[in-house]
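# Summary of the model geometry
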Amino acid sequence: MKLAILGATGSIGQSALNLAEAFPDKIEISALACGRKVGLLAPAVARHRPRVAAVYGPEECGQLREILIDLGVNPLPEILCGPEGQISAAAQSGADVVLSAIAGRAGLLPTLASVRAGLTIALANKESLVCGGELIMPLAAQSGAEIRPVDSEHSAIFQILGGLSGRHIRRLILTASGGPFRGLKLEDLEKVTVEEALSHPRWSMGQKITCDSATMMTKGFELIEAHHLFNLPYDRLEVAVHPQSVVHSIVEYHDGSQMHQAGPTDMRLSIAYALSHPERWPLLPQSPNPGLVNYFPLELPRYAFNQWHGHLTFEEPDRETFRALALAEEAGRVGGTAPAILCSANEEAVDLFISGAIGFTDIIRLVEQVMEALPAEALTSIDQVVALGHEAGRLTKSFSLDLRR
Ligand code: NDP
Ligand code: MG
């Protein structure tokens with residue numbers, strides 16, 4: 001396959017590059033894109049020689065060019081910048097598969113371009129479907145684009161379904177680790193620090209999603225994603241807190257059978273499956289090498305069934321303390337522009353929290369305020385999503401001035 005990796009310098013992007021190293025006869029890189037970490041992108045460009053490299057802005061463009069010349073890369077790839085560059089890297093680099101792994105709303109337009117181009121999209125970026133799922137899913141049906149989930153919970157469901165459609169599902173149970181603050185109450189959350197919020201007990205991920213896991217907004221986003229991906233109403237979607245993060249989700253079929261997917265907490269498994277579906281590539285050390293050229297075994301940890309046997313627990317989420325989950329569910333049910341407003345306000349508020357401007361519980365306080373200030377409307381275009389995103393971001397900043405410490 002010809003693969004474009006958007007967000008190549010991030011946690012998901014680096015895992016995907018690791019897979020590209022392991023399976024050089026399966027993956028040819030046609031584009032690599034990132035934001036500002038050009039120093040991390042350059043060696044990958046030198047190694048994989050994509051046709052296109054895309055970065056944040058003109059300054060990063062110049063920096064990348066210089067580093068690549070120093071590294072002796074000749075010919076240079078086409079180096080692009082800005083949102084247009086990300087879009088071209090996705091849809092005009094000759095890729096047939098796009099790994100959409102930019103963090104946040106910046107992932108929306110490149111994902112949309114890949115969908116319009118009828119490509120296969122390995123979708124990690126949650127914000128695309130949260131903000132624009134009502135538009136993206138019908139577009140994918142029109143263009144023939146295939147959206148394969150990367151997020152571990154949706155990958156679990158995708159793996160369990162094995163090609164069956166969502167209509168076979170009676171109920172989905174998304175598992176949640178509960179994040180670093182599981183068991184705490186609202187008054188405890190008032191005091192937590194940025195460092196504590198950014199230490200996830202199970203998964204190593206980018207800052208924004210780690211913070212979203214601490215508020216449990218991420219699980220709310222995942223409910224909205226699951227609603228779109230599997231075409232299921234919200235009353236068939238549930239969340240179970242499962243602190244061991246071994247079972248990645250559960251599908252209940254209409255005949256009463258419940259299928260659980262379990263595995264290591266390593267995103268390379270779900271990224272690889274999104275690329276290899278319906279096949280599976282050998283990821284474990286000592287897997288038999290089915291004739292792969294230059295194959296090197298990955299160091300994927302193995303899910304040790306015996307170790308966990310008797311220790312797996314599932315509990316109801318605390319929606320009162322982790323109000324984000326209830327808020328996202330509500331926005332999903334309302335539909336239209338509500339999830340996009342939620343998502344944009346949340347992104348701005350998380351940035352403010354990480355920069356130390358507001359407290360942890362202020363994140364959801366601000367999101368609620370913005371949701372109240374901007375009533376939901378019917379969703380008619382992506383331009384509307386983008387404009388609302390700016391407005392929700394602006395309002396979040398402005399409301400935060402009353403909270404600043
Ligand atoms: P990271 O923060 O680790 O990486 C984000 C990537 O996006 C970086 O390459 C960054 O570039 C790039 N980026 C950010 N803003 C822009 C922009 N404006 N233009 C171009 N590139 C940009 O995030 P993760 O890898 O953890 O997550 C990526 C996405 O996948 C998120 O939407 C997340 O919710 C989702 N996801 C992640 C999981 C995980 O385990 N990490 C699990 C499930 C979903 P740079 O750093 O160079 O500036
Ligand atoms: Mg997840």
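Along each chain, residues carry numbers from 1 onward, in the same order as the chain's sequence is written. Chain A is the first chain written and ligand 1 is the first ligand written, with later ones labelled in order. Note on the predicted model: pLDDT of at least 70 is required for a residue's local features to be given, and 80 or more for side-chain atom pairs to be given and counted; whole-chain, interface and lining totals, by contrast, use all residues. Computation of side-chain values: all heavy atoms of the structure, hydrogens and water removed.

### Considering the environment of Glu190
Quick note on the threshold: Where helices and strands are cited, they refer to DSSP runs of H or I of at least four residues and of E of at least two residues respectively, numbered from the N terminus. By definition, residues are in contact when any of their heavy atoms lie within 4.5 Å. Two N or O atoms count as a polar contact when they lie within 3.5 Å, although within protein this holds only if one can serve as hydrogen donor and the other as acceptor, and sequence-adjacent residues are included solely when both atoms are side-chain atoms.
Its place among the elements puts Glu190 in the loop between helix 8 (186-189) and helix 9 (194-197). Expressed as a C-alpha distance, the spacing of Glu190 and Gly359, which sit 169 residues apart in the sequence, is 6.9 Å. Each residue touching Glu190, except ones within four places of it in the same chain, is listed here: Thr361 and Arg365. Of the polar contacts made by the side chain of Glu190, one reaches the side chain of Thr361; its length is 2.8 Å.

### Let's talk about the coordination of the magnesium ion (ligand 2)
Stated formally: In this analysis a donor is any N, O or S atom within 2.8 Å of a metal ion (3.2 Å for sodium, potassium and calcium), and since water is not included, sites may seem incomplete.
Taken together, the protein ligands of the magnesium ion (ligand 2) are Asp151 (OD), Glu153 (OE) and Glu222 (OE), with distances of 2.1 to 2.2 Å. Going along the chain, you hit the donors of the magnesium ion (ligand 2) in the pattern D-x1-E-x68-E. With a gap of 71 residues between them, Asp151 in the loop between strand 7 (146-149) and helix 7 (152-161) and Glu222 in helix 11 (residues 217-229) connect regions that are remote in the sequence.

### Re the site of ligand 1
Applicable threshold: For this purpose, a residue is taken to be near a molecule or strand whenever a single non-hydrogen atom of the residue falls within 4 Å of it. To measure how exposed things are, a 1.4 Å probe is used in the Shrake-Rupley method; for residues, cover is taken only from the protein chains shown.
Residues in contact with ligand 1 amount to 26 residues; listed here are only the nearest, Thr9, Ser11, Arg36, Lys37 and Gly206. One of the side-chain N or O atoms of Thr9 is found 2.7 Å from an oxygen atom in ligand 1. One of the side-chain N or O atoms of Glu127 is found 3.0 Å from an oxygen atom in ligand 1. For ligand 1, whose free accessible area comes to 900 Å², the fraction covered by protein is 85%.

### Focus on the domain arrangement of the chain
Rules: These domain boundaries are the output of an automatic or database domain assignment. When two parts are brought into contact, each loses some accessible area as probed by a 1.4 Å sphere; the total of that loss over both is the buried area. Here, a salt bridge means any Lys or Arg side-chain nitrogen found within 4 Å of an Asp or Glu carboxyl oxygen. Gly is put with the polar residues, along with every residue not named as nonpolar or charged; the nonpolar set is Ala, Val, Leu, Ile, Met, Phe, Trp, Tyr, Cys and Pro, and the charged set is Asp, Glu, Lys and Arg.
Here the chain is partitioned into domain 1 (2-150 + 266-300), domain 2 (162-263 + 307-320) and domain 3 (335-405). Facing the 18 residues of domain 2 at the interface are 14 residues of domain 3. Between domain 2 and domain 3 lies a buried interface of about 1300 Å² when both sides are counted; carbon and sulfur atoms form 79% of it. When the area that domain 2 buries against domain 3 is broken down by residue, the three leading residues are Val194, Lys208 and Met217, summing to 32%. Inspection of the domain 2/domain 3 interface yields one salt bridge. Counting every contact that joins domain 2 to domain 3 gives three residue pairs in polar contact (both at pLDDT 80 or more). Looking at the side of domain 2 that touches domain 3, the elements with two or more residues in it are helix 8, helix 9, helix 10 (207-215) and helix 11. Considering each element in turn, the side of domain 2 that touches domain 3 owes the most residues, six residues, to helix 10. Looking at the side of domain 2 that touches domain 3, its residues break down into twelve nonpolar, three polar and three charged.

### Re the packing of aromatic side chains
Quick note on the threshold: For Phe, Tyr and Trp, rings pair up if their centres lie within 6.5 Å, where Trp contributes its six-membered ring, and each pair is then called stacked (planes under 30 degrees apart), edge-to-face (over 60) or tilted (otherwise). The buried label applies to any residue whose accessible area, calculated with a 1.4 Å probe on protein chains only, is under 20% of its type's maximum; exposed applies above 50%, and partly exposed to all values in between.
What the rule picks out here adds up to four aromatic pairs. Centre to centre, the rings of Phe23 and Trp281 are 4.9 Å apart; their planes meet at 40 degrees, and the pair counts as tilted. One end of the pair, Phe23, is in the loop between helix 1 (11-22) and strand 2 (28-33); the other, Trp281, is in the loop between helix 12 (267-276) and helix 13 (305-308), and 258 residues separate them in sequence. On the accessibility criterion, Phe23 (0% relative accessible area) is buried. With a relative accessible area of 10%, Trp281 lands in the buried category. The interplanar angle of 70 degrees and the centroid separation of 5.5 Å between the aromatic rings of Phe353 and Phe360 together place this pair among those described as edge-to-face. The class of Phe353 is buried, set by a relative accessible area of 2%.

### So, unusual backbone geometry
Cis peptide bonds are those with omega within 30 degrees of zero, and the linkage from Asn74 to Pro75 qualifies with 5 degrees. Secondary-structure assignment places Pro75 in the loop between helix 3 (58-70) and strand 4 (78-81). That bond from His277 to Pro278 is cis: its omega, 5 degrees, falls within 30 degrees of zero. You can see Pro278 is positioned in the loop between helix 12 and helix 13.

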